[in-house]
Amino acid sequence: MNLKSTPVVRPSMPPYEEYIHEIKDIWSSRWLTHSGPKHQALEEKLCEYLDVDNISLFANGHLALELAIDALGLSGEIITTPFTFASTTQAILRNRLTPVFCDINEDDYTIDVSKIEALITEKTSAIMPVHVYGNVCDVDGIARIAQKYNLKVIYDAAHAFGVKIKDRAVGNFGDMSMFSFHATKVFHTVEGGGLTYSNSKYSPVLARLRQFGMVGQESVPTVGTNAKMTEIHAAMGLCNLRHINEEIAKRGRVMDRYRELLSGVKGLTLCNPQKNITPNYSYFPVLFNKKEFGLNRDEVAALLEKNNILARKYFYPLTNDFEAYKGMFELQKTPVAKRIADNVLTLPLYADLTVEDVDGICKIILHHG
Ligand SMILES: *Cc1c(COP(=O)(O)O)cnc(C)c1O
């Protein structure tokens, strides 16, 4: 079997002609950024698709997260998890706040709600859980704790575009949810991000923060940054959104094939689908147990790489293990996250990956002897 180089993710692209058509009027209007018509249309379409009351768009998901913390006026400590992308933890630190790391569940890798209360101090102002791999957190349990201790909740929903909990869209929980529209995510605007929220009072606050804290041209009541989404990026979003259901369905077929071939294999742990959830098939993580399977995670990754298949140790290292934070956090406080991070490999998954590609990848993994 001769596989061409297979990346771990590959951006979805709309038909070229469709994109060219979409950006055509920008050449005559010369409205390139600053909440132009594409930006407004995308906001409207995303509110519909994500089934939320409000959305604000940004240059990327990370800045959206930084500005969510700012808009909610958080201070002191924020309870979060280390089993995530660098962005979640860095958004807290760049706001000069302190992340307090809570461990994760064994089965879905989201925050272990039974361990949150013990971490709350008088300095805690919020919880920032992650719907990691598109798995949803225990939103009811988190809401109960937030209400009891008067804490804000910001969900890092970067992986959860289009996910539903029973019939409720995932962007409707907590005070705000952040979606990333980075090129490698299920839905993308090349670079981009959005915040969804039910309280519309945040809309002008966020608009100000993403435009240097300015209101109009002469009033600057707060310190902000530049985090605006351009018209060129919004146009990519408008195109991609037209194909999103099809893209998600194709991802689903890839994931079904992986499950068919890999479930029940001794020494492999797959992440089981959650109950009552409409998934978006964003990632396919597998845990490898060397004693039972014969190879550890690093060996499987190396074997795949030898065959030009790039799986990713996503998420490794844990964010509380980054050299940038040396000595700041105690890894032994999040033992489950540590064990998952040491054994997990995310296999290639994107809409255009074929069943034959999946068969080839699984064959290499399973016939390693
Ligand atoms: C991608 C991602 C982000 C950041 O999004 P960008 O749009 O790339 O800035 C934040 N959190 C998680 C979990 C992510 O995967």
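None of the values given here were measured: they were computed from a predicted structure. (Residues numbered from 1 in each chain as written. Predicted model: local features only at pLDDT ≥ 70, side-chain atom pairs only at ≥ 80, totals over all residues. Heavy atoms only, no water.)

Caption draft 1: Local environment of the overall build of the chain. When its secondary structure is counted, the chain shows 12 helices and 13 strands. Relative to a compact globule of 369 residues, whose C-alpha radius of gyration would be 21 Å, the chain shows 21 Å and is just as compact. With the principal axes as the frame, the chain shows a C-alpha extent of 70 × 55 × 40 Å. For the chain, buried positions account for 53% of its 369 residues. Counting contacts in the chain only where the partners sit at least 6 residues apart, residues at least 24 apart contribute 70% of the total. In the form shown here, the chain has an accessible surface area of approximately 17,200 Å², with 50% of it arising from carbon and sulfur atoms. (Helix = DSSP H or I, 4+ residues; strand = E, 2+ residues; numbered from the N terminus. Rg over C-alpha atoms; globule rule 2.2 N^0.38 Å. Buried < 20%, exposed > 50% of the residue type's maximum accessible area, 1.4 Å probe, protein only. Contact = heavy atoms within 4.5 Å. Areas by Shrake-Rupley, 256 points an atom, 1.4 Å probe, with all protein chains shown as cover.)

Caption draft 2: Summary view of the sheet that holds strand β12 (residues 284-288). With antiparallel pairing, three strands are arranged side by side in an open sheet as β10-β12-β13. One side of each edge strand has no neighbouring strand; the edge strands of this open sheet are β10 (268-270) and β13 (344-347). If you compare each strand with its neighbour and ignore which way they point, the axes differ by 30° on average. Of the strand pairs in this sheet, β10 and β12 are connected by three bridges, and their pairing is antiparallel. Looking at β12, one finds that Leu268 is bridged to Phe288. Here helix α8 (residues 244-262) sits on the sheet and contacts β10, β12 and β13; the angle it forms with β12, its principal contact strand, is near 20°. Each of β12 and β13 touches helix α10 (residues 297-306); the most contacted strand, β13, lies at about 30° to it. (Pairing = 2+ DSSP bridges. Axes fitted to C-alpha atoms, helices over the stretch in contact; angles between N-to-C directions.)

Caption draft 3: The pairing of strand β3 (residues 98-101), seen in detail. Where strand β2 (residues 77-80) and β3 come together, four bridges link them in parallel fashion. Along β3, the bridge assignment pairs Ile78 with Pro99.

Caption draft 4: Region of the structure containing the nonpolar core. Among the nonpolar cores identified, the biggest contains 42 residues, and Leu42, Leu46, Ile116, Ile142 and Phe161 are the most heavily contacted of them. If near-sequence neighbours (up to four positions away) are discounted, Phe161 is found in contact with Leu46, Tyr49, Leu50, Phe179, Phe181, Phe187, Leu241, Ile244 and Asn280. (Core = buried A, V, L, I, M, F, W, Y, C linked by side-chain atoms within 4.5 Å.)

Caption draft 5: Layout of the site of the ligand. What surrounds the ligand is a group of 16 residues, the closest being Gly61, Asp156, His159, Ser180 and Lys185. In the model, a nitrogen atom of the ligand is placed 2.7 Å from a nitrogen or oxygen of the Asp156 side chain. Between the ligand and Tyr314 there is a distance of 3.4 Å, counted from an oxygen atom to a side-chain nitrogen or oxygen. In isolation the ligand exposes 380 Å². Once the protein is present, 94% of that is buried. If you list the elements that add at least two residues to the shell around the ligand, you get α3 (61-71), α4 (86-94) and β8 (176-180). (Near = heavy atom within 4 Å. Polar contact = N/O pair within 3.5 Å; in protein donor to acceptor, adjacent residues only side chain to side chain.)

Caption draft 6: Looking closely at the sheet that holds strand β6 (residues 164-165). Spatially, β7-β6-β11 is the arrangement adopted by the three strands of the open sheet, whose pairing is antiparallel. This sheet does not close on itself; its edge strands, each paired only once, are β7 (168-169) and β11 (277-278). Pairing analysis gives two bridges linking β6 to β7, with the strands arranged antiparallel. From the neighbouring strand, Lys164 faces β7, where its bridge partner is Ala169.

Caption draft 7: Representation of the pattern of salt bridges within the structure. Counted by the stated rule, this structure contains 16 salt bridges. Where Glu106 meets Arg339, a salt bridge forms, and the shortest distance between an N and an O atom there is 2.2 Å. Pair noted here: Glu106 is in the loop between β3 and β4 (124-128) and Arg339 is in helix α11 (residues 335-343), with a separation of 233 residues, a long-range link. Connected through shared salt-bridge partners, Glu18, Glu22, Asp25, Lys38 and Arg242 make up one network. (Salt bridge = Lys/Arg side-chain N within 4 Å of Asp/Glu carboxyl O.)

Caption draft 8: Highlighting the side chain of Asn105. Residue position: Asn105 is located in the loop between β3 and β4. A distance of 3.4 Å separates the side chain of Asn105 from the backbone oxygen of Ile111, its partner in a polar contact. When near neighbours in sequence (up to four residues on either side) are disregarded, Asn105 contacts Thr110, Ile111, Asp112 and Val336.

Caption draft 9: Quick peek at the packing of helix α1 (residues 16-29) against helix α7 (residues 231-242). One can describe the packing of α1 onto α7 by two numbers: an axis separation of 9 Å at closest approach and a directional angle of 145°. Where α1 crosses over α7, the two elements pack in a sense that is right-handed. Each of Glu18, Tyr19, Glu22, Ile23, Ile26 and Trp27 in α1 lies in contact with α7, whose residues at this interface are Glu231, Ile232, Ala235, Met236, Leu238, Cys239 and Arg242. Split by residue class, the contact of α1 with α7 holds nine nonpolar, no polar and four charged. (Left-handed = near helix turned anticlockwise from the far one by under 90°. Nonpolar A, V, L, I, M, F, W, Y, C, P; charged D, E, K, R; others polar.)

Caption draft 10: Inspection of the packing of aromatic side chains at higher detail. Summed over the entire model, instances satisfying the criterion amount to 19 aromatic pairs. Taken together, a centroid distance of 4.7 Å and an interplanar angle of 15° make the contact between Phe161 and Phe187 stacked. Taken together, the positions of Phe161 in the loop between β5 (152-156) and β6 and Phe187 in the loop between β8 and β9 (193-197) put the pair 26 residues apart, joining distant regions of the chain. Each member of the pair, Phe161 as well as Phe187, is classed as buried. Geometrically, the ring pair formed by Phe288 and Phe293 is tilted, given 5.7 Å between the ring centres and 55° between the ring planes. Using a relative accessible area of 1% as the deciding quantity, one classes Phe288 as buried. (Phe/Tyr/Trp six-rings, centres within 6.5 Å; stacked < 30°, edge-to-face > 60°.)

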